[in-house]
Structures are given as C-alpha cells and as structure tokens.
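Notes for the structure review
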Amino acid sequence: MSRDDILQQVRSALGRKSGEAPPDAPPARIRIPQPDTDERIRSFVCALEGLAGKAFVADSVEEARHYAAALLENGTAVASNAPFLEQLGIRTLPGVQSGFYDRDELRAVCASAGLGITGADYALSDTGTLVLISSPEEARLISLLPPVHLAFVARENILSGLDELFAVLPMPAARTSSMILITGPSRTADIEQILIRGVHGPGHVHVVIV
Amino acid sequence: MTSLPEANIERTLADANLQLAIYASTGRLMDKRKTAVSAELLPDYQELRTQANAVKKHALDNLDFYLEQFETNVQNVGGHVVYCRDGTEVADFVLKLAKERGAGLLVKSKSMTTEEIDLNERLEHHGLHAVETDLGEYILQLAEERPYHIVAPALHKTRYDVADIFTSKLGVEREIVPENQTRIAREVLREKFLAADIGLTGANFLVADSGAVVLVENEGNARLTSSAPKIHIAVAGIEKIIPRAQDLAVFLKLLGRSATGQHLTVYTSFLSGPRRNGEIDGPDEFYVVLLDNGRTRLLADNEKRQSLYCIRCGACLNICPVYRKIGGHNYPWVYSGPIGAIITPQYQGIGKNPWLPYASSLCGACAEVCPVKIDIPKLLLDLRSEVTATHPKDQKSRIERMSFRVWSWLMTKPKLFEMAGMAASTALANGCGWLRNVPAPLNIGPLRAWISQRDLPVPPPKSFRQLWRTRPNK
C-alpha cells in the first residue's frame, strides 16, 4: 500500500521509528503590535485604498445602511444571513435577497446578483484584509461570484495583522471548513504583467467599518 | 540522458522580443519584492526568514510524524487523505473517483505539483476533461505549453500571442486589449466553474495541527475551484507540511512579498474538510492527495533535504542571471531557474540531466532572496561533485581536471604564481586587454567557447602582493 510505503521510506530516510515523537518545534513566532482603534482604522483604510478597494467609516447604523443603499442603486444584491447585517437593516433593503440556506438556490442567486453583501468576522489593519469565516450565517460564494463585494465589519474587530489573527484564532479549523482572507479586489497580471482587476472574483471591494 | 539544449538556448538568446519580455517581467517582480521586504516596510524580514527556515527544517526532519498528524486531523473533520507514489497513482485515484461519481468535467487551479506529473494529459487520455482556470495557465493550456515561470506561467506570451490563441482555440473575434481578453476568459471559465463536478487544486501549505490546506492566489479561481464543485481534491507534495496554523503568520508574510511584492495575495484560503453541518455551501467531499514522486529520495541526505523547504515564490528565478537569459523552457522540467536546477536532478536522478547543476554562475543571488534560506549555490556545488563522481570519463571534464591540476600546482608555488601573474598582467595591459582578442593559437576548442562570452578587466598597475609588500605600517 502506498501510504505505508511512503511513510516507511520517510522514516528510514530520516532514521526515525514509527510513532516516535518529534523534539519540540521552534516556538511559533507571534508578534502583536497594539495600535489604538483609530490607528487601526486609519491603517486599514490606507492599505485597502492602496489596493483600489473602497473603505468607509460609518458613525451610525443609518450611515452604514445608506452606504449600502447608494451602492445598490437600482441593482440586485444578495446578502448573507449574518445577524450583524440584520441589525444594520441591510437584509431588508429593496433589491436585496437574503435568507438562503440551500446551496443550489444560493448559487443561482449569487451567479446573477450585481452585488454580494457579507459581514466580516475580522479585518487586518496592516494589509487591508477581510477575514471571512464560513458558517450557516456566511456562505462562501456571496463574496465571490457577484462582480462587487460589500462587507461590513465592526470597528472592535479590526485586528492589527496576521499575528493577532492567529493569536485570537489559533485553530480556525475548530470553527469552520473555510476561512478566507480577502485583500483587495480580484486581480491578475498574467498578460504582460498588466494589472487587471476582477478576474474570477469581484473587481470591486467596498468595506464599511461600523 | 539529455545534454545542454544549446540550439534552443541560442534561439532564446537571439529572440529580442522574448529577451525583453523575460527581462522586463522578472525585473519588475524583483523590484517589487525588493521594496516589499525593505527595512522600512518589513523591519523583521531577516527574523522571519530565520524562523521560516527553522520551522521547515523541523517539519521535514520529523516529516512522518506531521504527515500522520495531518492525516488524522483531515479525517477528524470528515476529509480523506490519499498517499500516492507517482503520477500514475494520482491519475488512477482521480479517474476512479470521477467514474464512481459520474463526473465528466473537472476544473483546476494553478498547481506546479500537477504539472510535474502531467496530470491533465493523463486525465484527458481517459476522457476526463480538466480545465485550467488561472488566466496564465488557461492561456498555456490552450497553447499546449508548459509554464514558463513558477509564479507567472505565461510570462513569455504577449497580448498578440494571447489574441492569436484565443481566436484559434475559442473561436472568438480577435481581441488585443488584455482587459477584454481577461473578460473573455472570465466568461468562458465562469460557465465551467458552475458546471464542474470536481475542483482540483494544489496546496501552498498543509497545516498539520488543523488538517487544513492553504491556497494562496490573486484571481479567485482557486476559491471557486475549491468551493463551487461538490468535490474538492487538493494535490500536494508531502513536503508542503507545516506544523501549526500559527506558523502561517510567518510564511504568509514571506510568500506574497517574495513572489510579487504583495504584502498578502488577494485571497488566502484556509480549508479543512468538506462543508460542516449547517454551512450553506462548499464541497461535500474533501480529499488531500499527498504525492511522493521522488521527494523521499532527497530526504535521506541531511544537507540536500533543505531543497524541500521551497515555498515556490519564484524569487530565485527573477534574480538569476541565467534564468533571465535562457528563460523557463530551456530547463528540462517544469521547475526552472535555480530551484529547478537543484530539485530536478534530485527528483529525477542526477544521470538524467547532468548539465543542470552547471546552469548557474554561482553568484549567490538566489540564496540571498530565498525566503526560507535554502543554500542553493552550496547544493549546486554538491550536485556538481556528484556529477563528476558519476561521469568521470567526460572529455570536457578531463581538460577541466588538467587545468585545475596546473592551477593547484601553481597556487602552491608563491614565487612562480607571482611571476605568472605579472606576465599575464603585462600581456593584458599591453594592447591585448580584451580577452576575446587573445592570439589565434590559443583561441581554440573549449577555450574559445569560454572566452567568446567573457572578458577580463584591464589589471591594475600593481598587484595585491606588491601593494602588501610596500604597505606603510609594516
């Protein structure tokens, strides 16, 4: 059997016995700077806009909802089932479809919607990154199939960077089958290294910090 | 056994457009990397490299342990791990699964590991259509070519080449604007994503403590490949293991920056198992194929084991003076550049391409930019020793051996060495100067081949020894 063969070859190459515990691994390197919330927001906005994403800091629930309404114009949107979007009144905006729990149904809606609206569990301030954890409240495809992605993140969930993310969430797999980090709009430079946005994922990313 | 593909290399060198494309693209990637790892933007860059090296070393030194831990954790989240010795076993597994599930279409995101085993051809041969979805890979699949570069596979193609390929293969109207070309690909491939039964990806990292596959990309095609179809298969070399999710805080910072100068690539997917109870979308089945294909062969040698630390960022290609001249297709296998020169002979056996470890000037730039600190020049030298040990009867190497014997004899006679040096420097300073103008009687055979591409500067008026003798504070 290939499994036992390969493992046996690995062991004999390394001079190890089956089941032998390894020595201690080098300690994980986690260094967390502690900027204050305003600095986190400033850095996040700056990083995301540097990648041609749009960031908006909403001072109230109304402002956040207005941003979504303005972006939506008369188009169609699909929104995730996140309670956060419910609280903001996003899921009931005209033109927004939400409340899908069936994969095929959701997929069909995502494939035709002009805008996908999700929450974001966290944001990373130093790189302008969104962290999306898949759950019954957040599907994978809403932030992927529509050409425009709008995400809402609570200001207290802006982490300083990767180190803080993996400190807060050392075992993402314990919680979800899919944790996605999104850093700006989908892009490619495969033809003559010319930067083009919106290849397979959304070409426009909007983030509202609430 | 293959030999140096001289005719092809000459063709590459003579193709001005190609030379420009390689030079400009690698140069741009190199500049972006340099900025991204600069002291202002990443003050702890060297510490990160040291940590990445230490973690990779630890993972590979105890690989069997972490493979088993990974396997257990994948199973705990409802996924399956399949070990394969070679490409045939991988193809057999995928074909069998496809047959059982009645799958006819497979979408693929960029994976060097599957390129390595010609997986597409194998599947196609048995009637399973595999569609590449990374834009560069898609262009190359249509053109029936292999990747030119680990990170930028279609680096050698211009927009006009792409226009020709799309027109002839997709039957679309000729389109030369890259933005519109990208839109064409998006539309064609979007249909494939939604129709595919199986999504097949590679893996940038396998996380042992989580049973997770990590995918790093910019386009979104890897996300679609791993999330839209009902079956997700990730094919990865066994060396891709890292012990902990927390190690990603180090590796993700290095990978994007070293590859394209991005602080993080647009998408990083951390995937463990099929969709969980209640999750709305995602695959129902999740398989990780762990491929050997020659990797265990390198593990035994303590020194050469570090070849397996590679995270495929491509930085060593971009900075390599040899890659930047001869490009990607003159290397005999899918892995090109300095990393290709060390892993190809080790995966495939040194006897197959004995010239490969010599495709380097040993300038050391590759080792300097390597994010996991692989000592590539040292490994090239080790491999050269192996070649000399296994091919001692080589004609060229006899001349070379003789030259070095003369050299070492001369080096042990200081007086004689100095006289020879003075004679040479007088000859070069007085008129000859340019090495390629050496007198005809000397300009023959291997010597001519050597000096036709090289030159020496005019020597200084005084040698080091002379300066040393007359130094003021003796």
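Residues numbered from 1 in each chain as written. Chains lettered and ligands numbered in written order. Predicted model: local features only at pLDDT ≥ 70, side-chain atom pairs only at ≥ 80, totals over all residues. Heavy atoms only, no water.

**Let's talk about the overall build of chain A**
In terms of regular secondary structure, chain A is built from six helices and twelve strands. A principal-axis box enclosing the C-alpha atoms of chain A has dimensions of 65 × 45 × 40 Å. When burial is assessed residue by residue, chain A has 58% of its 210 residues classed as buried. A separation threshold of at least 6 residues defines the contact pool for chain A, and within that pool the share at least 24 residues apart is 70%. Accessible surface, chain A: about 8400 Å² in total, of which carbon and sulfur atoms supply 51%. Between the mean site of the 18 positive side-chain charges and the mean site of the 25 negative ones, chain A shows a separation of 7 Å. (Helix = DSSP H or I, 4+ residues; strand = E, 2+ residues; numbered from the N terminus. Buried < 20%, exposed > 50% of the residue type's maximum accessible area, 1.4 Å probe, protein only. Contact = heavy atoms within 4.5 Å. Areas by Shrake-Rupley, 256 points an atom, 1.4 Å probe, with all protein chains shown as cover. Lys, Arg positive; Asp, Glu negative; His and termini not counted. Charge placed at Lys NZ, Arg CZ, Asp CG, Glu CD.)

**Brief notes about the sheet that holds strand 9 (residues 178–182) of chain A**
Strand order in this open sheet of eight strands is 8(A)-5(A)-6(A)-9(A)-9(B)-6(B)-5(B)-8(B), and the pairing throughout is mixed. Either end of the sheet is taken by a strand with one partner, and the two such strands are strand 8 (158–159) of chain A together with strand 8 (241–242) of chain B. For strand 6 (residues 129–133) of chain A and strand 9 of chain A, the ladder comprises four bridges, and the chain directions are antiparallel. Within strand 9 of chain A, the residue paired with Leu130(A) across the bridge is Ile182(A). Sheet contacts for helix 12 (residues 248–260) of chain B: strand 9 of chain A together with strand 5 (205–207), strand 6 (212–217), strand 8 and strand 9 (267–271) of chain B; angle to strand 5 of chain B, the most-contacted strand, approximately 170°. (Pairing = 2+ DSSP bridges. Axes fitted to C-alpha atoms, helices over the stretch in contact; angles between N-to-C directions.)

**Focus on the pattern of salt bridges**
One pass over the full model with this rule turns up 39 salt bridges over all chains. Between Arg16(A) and Asp64(B) there is a salt bridge whose closest N-O contact spans 2.6 Å. Of this pair, Arg16(A) sits in the loop between helix 1 (2–14) and helix 2 (37–50) while Asp64(B) is found in helix 4 (residues 63–76), placing the two residues in two different chains. Considered together, Arg16(A) and Asp64(B) belong to a single accessibility category, that of buried residues. Salt bridges here are not isolated pairs; linked through shared partners, they connect Arg3(A), Asp4(A), Arg11(A), Arg16(A), Asp64(B), Glu68(B) and Glu71(B). (Salt bridge = Lys/Arg side-chain N within 4 Å of Asp/Glu carboxyl O.)

**Topic: the sheet that holds strand 2 (residues 77–79) of chain A**
Residues and elements named next belong to chain A. Ordered in space as 1-12-7-4-2-3, the six strands form an open sheet in which the pairing is parallel. The two strands at the open ends of the sheet, each matched to only one other strand, are strand 1 (54–57) and strand 3 (96–97). Sheet topology note: the strand 4 (residues 115–119)/strand 7 (residues 148–153) ladder contains five bridges and is parallel. Each residue of the ladder has a partner; that of Leu 115, found in strand 7, is Val 148. Docked against the sheet, helix 3 (residues 61–72) engages strand 1, strand 2, strand 3, strand 4, strand 7 and strand 12 (204–209), running at close to 175° with respect to strand 7.

**Focus: the nonpolar core**
Within the largest apolar cluster, 126 residues are counted, with the highest numbers of intra-cluster contacts made by Leu165(A) and Ile374(B). If one sorts the elements of this core by residue count, helix 12 of chain B sits on top with eight residues. There are two domains that each give this core at least three residues, and those are domain 1 (61–293) and domain 2 (297–390) of chain B. The contact partners of Ile374(B), leaving out residues within four places of it in the chain, are Gln306(B), Ser307(B), Tyr309(B), Cys310(B), Ile339(B), Ile342(B), Ala367(B) and Leu379(B). Judged by nonpolar contacts, the second largest core, of 29 residues, contains Ala113(A), Tyr138(B), Leu224(B) and Ile280(B). (Core = buried A, V, L, I, M, F, W, Y, C linked by side-chain atoms within 4.5 Å. Domains from an automatic or database assignment.)

**What about the side chain of Thr129(A)?**
Locating Thr129(A) in the fold gives a position in strand 6. Using a relative accessible area of 0% as the deciding quantity, one classes Thr129(A) as buried. For Thr129(A), the contacting residues outside a window of four places in its chain are Phe44(A), Tyr122(A), Ala123(A), Leu124(A), Leu181(A), Ile182(A), Thr183(A) and Leu264(B).

**Observations concerning the confidence of the model for chain B**
With 93% of its residues at a pLDDT of at least 70, chain B reaches an overall mean of 92. Across the interface, the model reports ipTM at 0.98; the global pTM reads 0.92. (pLDDT = per-residue confidence, 0-100.)

**Some details on the packing of aromatic side chains**
Enumeration according to the criterion identifies ten aromatic pairs over all chains in this entry. Between Phe56(A) and Tyr67(A), the ring centres sit 4.9 Å apart and the planes meet at 20°, which makes this aromatic pair stacked. Remark: Tyr67(A) occurs in helix 3 and Phe56(A) occurs in strand 1; sequence separation between them is eleven residues. Seen in terms of ring centroids, Trp407(B) and Phe417(B) are 6.2 Å apart; in terms of plane orientation they differ by 80°. Their pairing is edge-to-face. With a gap of ten residues between them, Trp407(B) in helix 19 (residues 395–411) and Phe417(B) in helix 20 (residues 414–432) connect regions that are remote in the sequence. For Trp407(B), a relative accessible area of 46% gives the class partly exposed. Following the ring pairs from residue to residue traces out a cluster consisting of Trp333(B), Tyr335(B) and Tyr347(B). Here the guanidinium or amino end of Arg324(B) rests over the ring plane of Tyr23(B), the centre of that ring lying 4.1 Å away. (Phe/Tyr/Trp six-rings, centres within 6.5 Å; stacked < 30°, edge-to-face > 60°. Lys NZ or Arg CZ within 6 Å of the ring centre and 35° of its normal.)

**Section: the interface of chain A and chain B**
Between chain A and chain B, the residue contacts involve 78 residues of the former and 96 residues of the latter. Between chain A and chain B the total buried area reaches about 7500 Å² when both faces are included, carbon and sulfur atoms providing 56% of it. Counting across the interface, chain A meets chain B through eleven salt bridges. Applying the counting criterion to the chain A and chain B interface returns 48 residue pairs in polar contact (both at pLDDT 80 or more). Taken together, the elements giving at least two residues each to the side of chain A that touches chain B come down to helix 1, helix 5 (103–112), helix 6 (162–168), strand 9 and strand 10 (187–188) of chain A. (Buried area = accessible area lost by both parts, 1.4 Å probe. Polar contact = N/O pair within 3.5 Å; in protein donor to acceptor, adjacent residues only side chain to side chain.)

**Observations regarding the pairing of strand 9 of chain A**
With respect to burial, strand 9 of chain A is a largely interior element, five of its five residues being buried. Where strand 9 of chain A and strand 9 of chain B come together, five bridges link them in antiparallel fashion. Across the sheet, residue Ile182(A) finds its bridge partner in strand 9 of chain B, namely Tyr267(B).

**Focus: unusual backbone geometry**
All names here are of chain B. In this structure, Asn 293 is a non-glycine residue whose phi angle is positive, near 50°. A positive phi angle, close to 60°, is found at Lys 373, a residue other than glycine. Relative to the helices and strands, Lys 373 resides in the loop between helix 17 (365–369) and helix 18 (376–390).

**Considering the pairing of strand 6 of chain A**
Residue and element names in this part refer to chain A. With five of five residues buried, strand 6 lies mostly within the body of the structure. By the alternation rule, side chains of strand 6 split into Thr 129, Val 131 and Ile 133 and Leu 130 and Leu 132, which are all buried. What sits between strand 5 (residues 122–124) and strand 6 in their antiparallel hairpin is a turn of four residues, with Gly 128 showing a positive phi close to 70°.

**Concerning helix 9 (residues 159–170) of chain B**
Residue and element names in this part refer to chain B. Here helix 9 contains twelve residues, and its C-alpha end-to-end distance of 15 Å stays within 8% of the 16 Å for a straight helix at 1.5 Å per residue. Of the positions making up helix 9, those classed as buried are Val 162, Ala 163, Ile 165 and Phe 166. The arc enclosing the buried residues of helix 9, seen along the axis, measures out at 170°, which places them on a common side. Packing partners of the buried residues in helix 9 comprise helix 8 (135–143) and helix 10 (178–195). Positioned one or two residues after helix 9, Gly 171 has a phi angle of 70°, which is positive. (Expected span 1.5 Å × (residues − 1). Arc of directions from axis to C-beta.)

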